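Read off the chains here:
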Amino acid sequence: MKKFKNFSEWFDEILFNAEIVDNRYPVKGFAVYKSWGSRIIKNILKILEQNLDETGHSPMLFPVVIPEDAFAKESEHIKGFGSEVFWVTHAGERRLDKKLLLRPTSETAMYPMFALWIRSHANLPLKVYQSVAVYRYETKATRPLFRMREFLWNEGHTAHKDWEDAERQVKEVIEIYSNVFKRLGLSYLILKRPDFDKFAGAAYSVAFDAWNPDGRVNQIGTVHNLGDNFSKAFEIAYEDTDGTHKNVIQTCYGFGVSRVVAAVVAQHGDDRGLILPPEIAPIQVVIIPIVYKEIAYEVNAYARELYEKLKVEGIRVHLDDSDDKTPGEKFYYWEIFGVPVRAEVGPRDQKERKVTLSERVNLERRIVDFENVAEAVKEMFVEILRNLGERSSLVLKSLIVTTSDASSLNEIIENKKIARVCWCENIECAEKIREMSGGEIRGHRIDVEEKPEAPCIICGRQARKVVYIARAY
RNA sequence: GGGGUCGUGGGCUAGCUUGGUCUAGGCUACGAGACUUGGGCUCUCGUGACCCAGGUUCAAAUCCUGGCGACCCCA
């Protein structure tokens, strides 16, 4: 199955064959994460949560249900999410006096509690995170991992004494997410969303848009400065050093774990299957003995010796010494699962105390001494991540097409590319861009300053921003 | 939100137009065995399916209606 030719089928096949999710659960938009997928998710979350812990965030767990009145407090927020919440209206046969909803996101679950916890400037900043499932009744077609009605994420919520401190927080989180994505070898654009596309209730929103082989962009993370919109609605205030009472300034951010998995699969996978960055691979090295009847004992003993050696080095290693498959079949099998390094040990290797290592990205073989095998494997891990990262970033570069000709927009989007254009920031021009191209303005870069070098692509007046246009999930 | 295509063993699919030799065929996967093993070898045997509910008919995988689900396109 060809990844770039028929992404949708390729993707579904990988998710199924590599046992990431089983989409056959009989409720639309809900799926089962199987063992391989779950272990990948745990490894990703481990990296993220470690980063959050190190920057003073507190892990917490808030309830999945939110009372209707709390949800309704911030008017923009309810406008944005109201149409897609799951309601809990009954307990058995009894109708509930107060309807509850399943969190579509946790602002309105957390902030009533923030109001109780925050009294003085000494309580600030407050930085909280949780890794949970949220629920949104998506009306668009659901896609496994990309758009589910139940999806996993990590959400962070903070409260600060002033705007400057909240701005510092936004920068910190962009840094944290960037670090995590770098360790996964992902490529993306960090875009400040246009005003009409910001999070419901935010002052502004920044998003991480990862490229996808079908030309759409995949929003894998978002960071919002909420200003005092929620702190006014929820009356979250503190007493400052001078005795005055002020509303806190808040930020919140979401790391879309399922979509990050989707991005790893989509950006790194190839026509043979998944390719996993070593740090999140449930199995990092698979050992495949090449045995003949007469020498099976020696070779298997050697393979076990190798297994023990790698294991004590802290490498996640698996020995596939089953005799129901030929070595070739085992190669194909583990390639589907994206195991980054394969160690082949046969009679030749055993006799000379060598190991044949093969890496998943370029399928290149390398023969190393048994004594140096752990170091060689670790070096390969570094190379694999570098190769994945470089390959992915080259694709992203090749997808971006700069244009100042509005009539070319449609063709660019049709060709599964991302258009880079100058825009005057008027909403009428944004709407026209959408009509003409079939894509949407995703925003302008904030990690790199880009000055408009041409007038607005639609109206010809002075452009204010260089923006990126793509179809989105 | 609108339009279209589709639903057959665990996965992929043939059969449906023209209802009856369908006792539903193939590939793959799975189980038992033989033979093999530095890239999917070969063979034998076995397990396993017509999405659900109605309807039409002597007869339904096949036709009709509804539901559920999947995918694609447009907004």
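All figures in this text were calculated on a predicted structure; none of them were measured in a lab.

Caption draft 1: Highlighting unusual backbone geometry. Here the amide bond leading from L124 into P125 is cis, since omega sits at -5°, within 30 degrees of zero. Within the fold, P125 resides in the loop between α5 (107-117) and β7 (126-135). A positive phi angle, close to 60°, is found at L363, a residue other than glycine. Here L363 shows up in the loop between β18 (354-359) and β19 (365-369).

Caption draft 2: How the structure looks around the sheet that holds strand β17 (residues 341-345). Spatially, the five strands line up as an open sheet ordered β16-β15-β17-β18-β19, and their pairing is mixed. Taken across any chain shown, the strands that pair with only one partner, and hence form the sheet edges, are β16 (317-319) and β19. Along the sheet, successive strands turn relative to each other by an average axial angle of 25°, direction set aside. In this sheet, β17 lies alongside strand β15 (residues 285-289) in parallel orientation, the contact comprising five bridges. Within the sheet, the bridge partner assigned to V285 lies in β17 and is V341. Those strands touched by helix α9 (residues 296-312) are β15, β16, β17 and β18, and its axis lies near 170° from that of β15. Contacting β15, β17, β18 and β19, helix α12 (residues 373-399) runs over the sheet at an angle of about 10° to β18.

Caption draft 3: Here's a closer look at the protein's contact with RNA strand B. Lining the immediate surroundings of RNA strand B are 30 residues, of which S8, T139, G328, G346 and R348 lie closest. Secondary structure elements with two or more residues in the surface near RNA strand B: α10 (327-336), α11 (347-352) and β18. Counting residues per element, the surface near RNA strand B draws most heavily on α10, at seven residues. When the residues that make up the surface near RNA strand B are grouped by side-chain class, the tally is 11 nonpolar, nine polar and 10 charged.

Caption draft 4: Summary view of the nonpolar core. With 128 residues, the main nonpolar core has Y188, V261, I287, L306, W423 and I469 as its most contacted residues. With eight residues, the top contributor of residues to this core is helix α8 (residues 257-268). If near-sequence neighbours (up to four positions away) are discounted, V261 is found in contact with I20, G37, I40, I41 and L145.

Caption draft 5: Region of the structure containing the environment of D197. Along the chain, D197 turns up in the loop between β9 (188-192) and β10 (204-211). Along the primary structure D197 and R442 are separated by 245 residues, whereas in three dimensions their C-alpha atoms are 8.2 Å apart.

Reading the values: rules and limits
- Residues numbered from 1 in each chain as written.
- Chains lettered and ligands numbered in written order.
- Predicted model: local features only at pLDDT ≥ 70, side-chain atom pairs only at ≥ 80, totals over all residues.
- Helix = DSSP H or I, 4+ residues; strand = E, 2+ residues; numbered from the N terminus.
- Pairing = 2+ DSSP bridges.
- Axes fitted to C-alpha atoms, helices over the stretch in contact; angles between N-to-C directions.
- Contact = placed C-beta atoms within 7 Å.
- Near = placed C-beta within 6 Å.
- Nonpolar A, V, L, I, M, F, W, Y, C, P; charged D, E, K, R; others polar.
- Core = buried A, V, L, I, M, F, W, Y, C linked by C-beta atoms within 7 Å.
- Buried ≥ 20, exposed ≤ 12 C-beta atoms within 10 Å, placed from the backbone.

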